[in-house]
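Architecture and fold: a report
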Amino acid sequence: MTNVLVLGANGQLARRATRTLLASTDATLTLYLRRASRLVSPDATRTRIVEGDVLDGKALTSAMKGQDVVFASLAGDLKRQAASIVRAMHEAGVKRLIFVASMGIYGEVPGETYRSVLDPYRDAAAVIEASDLDYTILRPGWFTSDDRVDYGITQKGEPFRGHDVSLASLADLISKLATTPGMEVRHSLGVSRA
């Protein structure tokens, strides 16, 4: 059984990944968010809700104890959040991180110009890539709500293919990454509809 800490647990992608992890794996989940009252436990036997801020190093480190995987889908000061996650993972002795960034952070989307709106994602990815963690950075296209699982991936340095990706597809990939040791470790993956 894998223990997964979900950071930003009330976000759209995190909620979808939580449902997929509960439905398709035997993982136990710790759902970490700033206001716990916003979230109802989807399965009281396999989930625990923890209120905390990713920038609160003490609370974050405490939540990481006993975890095998950290999955982060966040908004806000992403560079500071990434640095806080890396520090807390070192303190707690956790190595596996799945971090959601954005397509375009490396200028890899053909026909698109790099824009400053992506700087926070790029800066967070740089913090994670400079760490010694077993990370996978996900660079998804625009989210769609359809239930179809249909995605392709590109590696860092390859042109991004496509434009959008379903939440169901991302949740499927996150579930596989969280429960398959060694899968795409120290890779940055573009994810879009196949």
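The preceding data block contains the structure.
Since the model is a prediction, treat every value here as computed from it, not as a measurement. (Residues numbered from 1 in each chain as written. Predicted model: local features only at pLDDT ≥ 70, side-chain atom pairs only at ≥ 80, totals over all residues. Heavy atoms only, no water.)

Let's shift gears to unusual backbone geometry. Positive phi, normally seen in glycine, also occurs at Glu 184, with a value near 55 degrees. Assignment of secondary structure puts Glu 184 in the loop between α5 (167–179) and β10 (187–193). Exposure remark for Glu 184: the relative accessible area of 18% places this residue in the buried category. Phi angles above zero are rare outside glycine, and Arg 186 is one such case at about 60 degrees. Checked against the element boundaries, Arg 186 lands in the loop between α5 and β10. (Helix = DSSP H or I, 4+ residues; strand = E, 2+ residues; numbered from the N terminus. Buried < 20%, exposed > 50% of the residue type's maximum accessible area, 1.4 Å probe, protein only.)

Take the packing of helix α1 (residues 12–24) against α5 next. Contact pair α1 / α5: the axes reach a minimum separation of 8 Å and the direction vectors enclose 55 degrees. The orientation of α1 with respect to α5, classified from their angle, is oblique. Crossing of α1 over α5 shows right-handed handedness. Across the interface between the two elements, Gln 12, Leu 13, Arg 16, Ala 17, Thr 20, Leu 21 and Ser 24 from α1 touch Leu 167, Ala 168, Leu 170, Ala 171, Asp 172, Ile 174, Ser 175 and Ala 178 from α5. When grouped by side-chain class, the residues that make up the contact of α1 with α5 number nine nonpolar, four polar and two charged. (Axes fitted to C-alpha atoms, helices over the stretch in contact; angles between N-to-C directions. Parallel < 35°, antiparallel > 145°, perpendicular 65-115°, else oblique. Left-handed = near helix turned anticlockwise from the far one by under 90°. Contact = heavy atoms within 4.5 Å. Nonpolar A, V, L, I, M, F, W, Y, C, P; charged D, E, K, R; others polar.)

In this structure the tally under the stated criterion is 11 salt bridges. When the shortest N-O distance is used, the salt bridge between Asp 77 and Arg 80 registers 3.7 Å. Using a relative accessible area of 36% as the deciding quantity, one classes Asp 77 as partly exposed. Of the charged contacts, one joins Arg 148 and Asp 150 as a salt bridge, the two residues approaching to 3.1 Å between their closest N and O atoms. Take Asp 150: its relative accessible area is 24%, and that puts it in the partly exposed class. Members of the salt-bridge network, linked through shared partners, are Asp 119, Arg 122 and Asp 123. (Salt bridge = Lys/Arg side-chain N within 4 Å of Asp/Glu carboxyl O.)

All right, on to the layout of surface pockets then. Gaps left between atoms are located by rolling a probe of water-molecule size over the structure's atoms. In this structure, the largest pocket occupies an estimated 840 Å³ of space. Surrounding the largest pocket, 37 residues form its lining, Leu 74, Ala 75, Ala 101, Tyr 121 and Phe 143 being those nearest its centre. For the lining of the largest pocket, the secondary-structure elements that each account for two or more residues are α1, β2 (28–33) and β7 (142–144). Its residues placed into classes, the lining of the largest pocket shows 18 nonpolar, 13 polar and six charged. (1 Å grid on protein atoms, 1.4 Å probe; cavity = no way out; pocket = protein on both sides within 12 Å on 5 of 7 lines; lining within 4 Å. Points joined across faces, edges and corners; volume = space filled by probe spheres on them.)

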